[in-house]
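Reading the structure
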Amino acid sequence: MPGLAWDHADMTIAAVLFDVDGVLLDSAAAHRRVWTSWSQARGLDPEKVWTLTFGRRPEDTVRDAAPHLDPATERKALDELSARERGGFPPVDGAADLLEALSDSPWAIVTSGDRDSVTERFAAAGLPLPAVQVYGSDVEHAKPAPDCFSLAAARLGMAPAACLVVEDAPAGVSAAVAAGCTVIGLTTTHAEASLRQAHLCAASLAEVQELLLTEGLLVGL
């Protein structure tokens, strides 16, 4: 299987944890417009700000990009800009097929986003939401801290070591590895070299599905 190879002898994956943006929803273009508009309005370099956004809560990006601004106030402004991007969050290719294949297996989403916007975007994209959903507001320390993935595993009743994480951002990969999960780095928004902490990388969700189904790593399929 091109791009997917690791020694998984004696490994059993009991659940799959997905990041949302760049993994299940193709949100890069919409988010780029939001952050560019926000940056220009505040006299900041959009390119520098953009590099700070991946896999992180907006308010955490604001703290690093513009420490002189109030993160809570700027989060509201960013949410207003995002609300104008209706229809700008289509599903990533292969997302619907993969989630359908997992419909009888434990899975969760672990995102730095907020519940309302993710719920709305999943509905618009025609994607199902799992029973376990972890959002940025659910933890004190967001990605790259491991708390969000540890919480998702606990809510599923699983050990982190039994969870496979699919992530596209370096911060998310770092968080999942720190939590003790096995990690696939999905190269939808970052090159493989940027995801070097991941246990392996995949170019598409179709490759992830092939790994789970063909190689039989997921209990219950």
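Scroll up to find the structure.
What counts and how
Sequence order as written defines residue numbering, which begins from 1 separately in each chain. Confidence filtering applies because this is a predicted model: local features only for residues at pLDDT of at least 70, side-chain atom pairs given and counted only at 80 or more, and all residues used for totals across whole chains, interfaces and linings. Side-chain figures throughout are based on the complete set of non-hydrogen atoms in the structure, without hydrogens or water. Strands pair, by our definition, only if DSSP identifies at least two bridges between them. Helix and strand assignments come from DSSP, with helices taken as H or I runs of at least 4 residues and strands as E runs of at least 2, each series counted from the N terminus. Every axis in this analysis is a line fitted to C-alpha atoms, fitted for helices over the stretch in contact. Angles between the N-to-C directions lie between 0 and 180 degrees. The criterion used for residue contact is that any of the two residues' heavy atoms lie within 4.5 Å. Between buried and exposed lies partly exposed: a residue is buried under 20% and exposed over 50% of the maximum accessible area for its type, with that area taken using a 1.4 Å probe on protein chains only. When we speak of the arc, we mean the arc of directions from the helix axis to the C-beta atoms. For the purposes of these results, a polar contact is taken to be a pair of N or O atoms within 3.5 Å, where, inside protein, one atom must be able to donate a hydrogen and its partner to accept one; residues adjacent in sequence count only when each atom of the pair is a side-chain atom. A carboxyl oxygen of Asp or Glu within 4 Å of a side-chain nitrogen of Lys or Arg is what we treat as a salt bridge.

Moving on: the sheet that holds strand 4 (residues 163-167). Taken in spatial order, the six strands line up as 3-2-1-4-5-6 in an open sheet, and their pairing is parallel. Each end of this open sheet is capped by a strand with a single partner; those strands are strand 3 (132-134) and strand 6 (200-202). In this sheet, adjacent strand axes meet at a mean angle of 25° when their direction is disregarded. With three bridges connecting them, strand 5 (residues 182-186) and strand 6 associate as parallel partners. Bridging from a neighbouring strand, Leu186 pairs with Ala202 of strand 6. Along the sheet, helix 7 (residues 147-156) makes contact with strand 1 (15-18), strand 2 (107-110), strand 3 and strand 4, crossing strand 3 at roughly 165°.

Turning next to helix 6 (residues 115-125). What helix 6 keeps buried is the set Ser117, Val118, Arg121, Phe122 and Ala125. Burial along helix 6 is one-sided: seen end-on, the buried residues are contained in an arc of 130°. What points out from helix 6, more than 90 degrees from its buried face, is the exposed set Asp116, Ala123 and Ala124. Against the buried residues of helix 6 lie helix 1 (28-41), helix 4 (71-83) and strand 2. Its side-chain oxygen 3.3 Å from the backbone nitrogen of Asp116, Asp114 forms the N-cap of helix 6. Count one or two residues on from helix 6 and you reach Gly126, which has phi positive near 75°.

Right, let's get into the pattern of salt bridges. One pass over the structure, following the stated rule, counts 13 salt bridges. Of the charged contacts, one joins Arg57 and Asp60 as a salt bridge, the two residues approaching to 2.9 Å between their closest N and O atoms. Here Arg57 and Asp60 have matching classes, each one buried. Across the pair Arg86 and Glu120 runs a salt bridge whose closest N-O atoms are separated by 2.8 Å. Of this pair, Arg86 sits in the loop between helix 4 and helix 5 (95-101) while Glu120 sits in helix 6, and the two are 34 residues apart along the sequence. According to the relative accessible area criterion, Arg86 is exposed, its value standing at 63%. On the accessibility criterion, Glu120 (41% relative accessible area) is partly exposed. Bridged by salt links that share partners, the residues Glu59, Arg75, Asp79 and Asp114 form one connected network.

Our next topic: the side chain of Thr53. By the secondary structure assignment, Thr53 is in the loop between helix 2 (46-50) and helix 3 (58-65). Thr53 has contacts with Trp35 and Thr61, leaving out every residue within four places of it along the chain.

On to helix 3. For helix 3, the tally of buried residues reaches six of eight residues, placing the bulk of the element in the interior. Among the residues of helix 3, Pro58, Glu59, Asp60, Thr61, Val62 and Ala65 are the ones counted as buried. Tucked into the core, helix 3 has its buried residues touching helix 1, helix 2 and helix 4.

Here we take up unusual backbone geometry. For the bond from Lys143 to Pro144, the omega torsion is 15°, close enough to zero to count as cis. The topology assignment puts Pro144 in the loop between strand 3 and helix 7.

The topology assignment puts Leu69 in the loop between helix 3 and helix 4. Taking the C-alpha atoms as reference points, Leu69 and Gly172, 103 residues apart in sequence, are found 25 Å from one another. Contact partners of Leu69, with chain neighbours within four places excluded, come to Trp38, Arg42, Val62 and Glu74.

Moving on: the pairing of strand 2. Of the two faces of strand 2, the one lined by Trp107 and Ile109 and the one lined by Ala108 and Val110 are each fully buried. As paired strands, strand 1 and strand 2 are joined by three bridges and run parallel to one another. Within the sheet, the bridge partner assigned to Phe18 lies in strand 2 and is Ile109. Of the pairings in the sheet, the one linking strand 2 to strand 3 comprises three bridges and is parallel in character. If you follow Ala108 over to strand 3, its bridge partner there is Val132.

Read these as layout, nothing more, since geometry by itself doesn't imply function.
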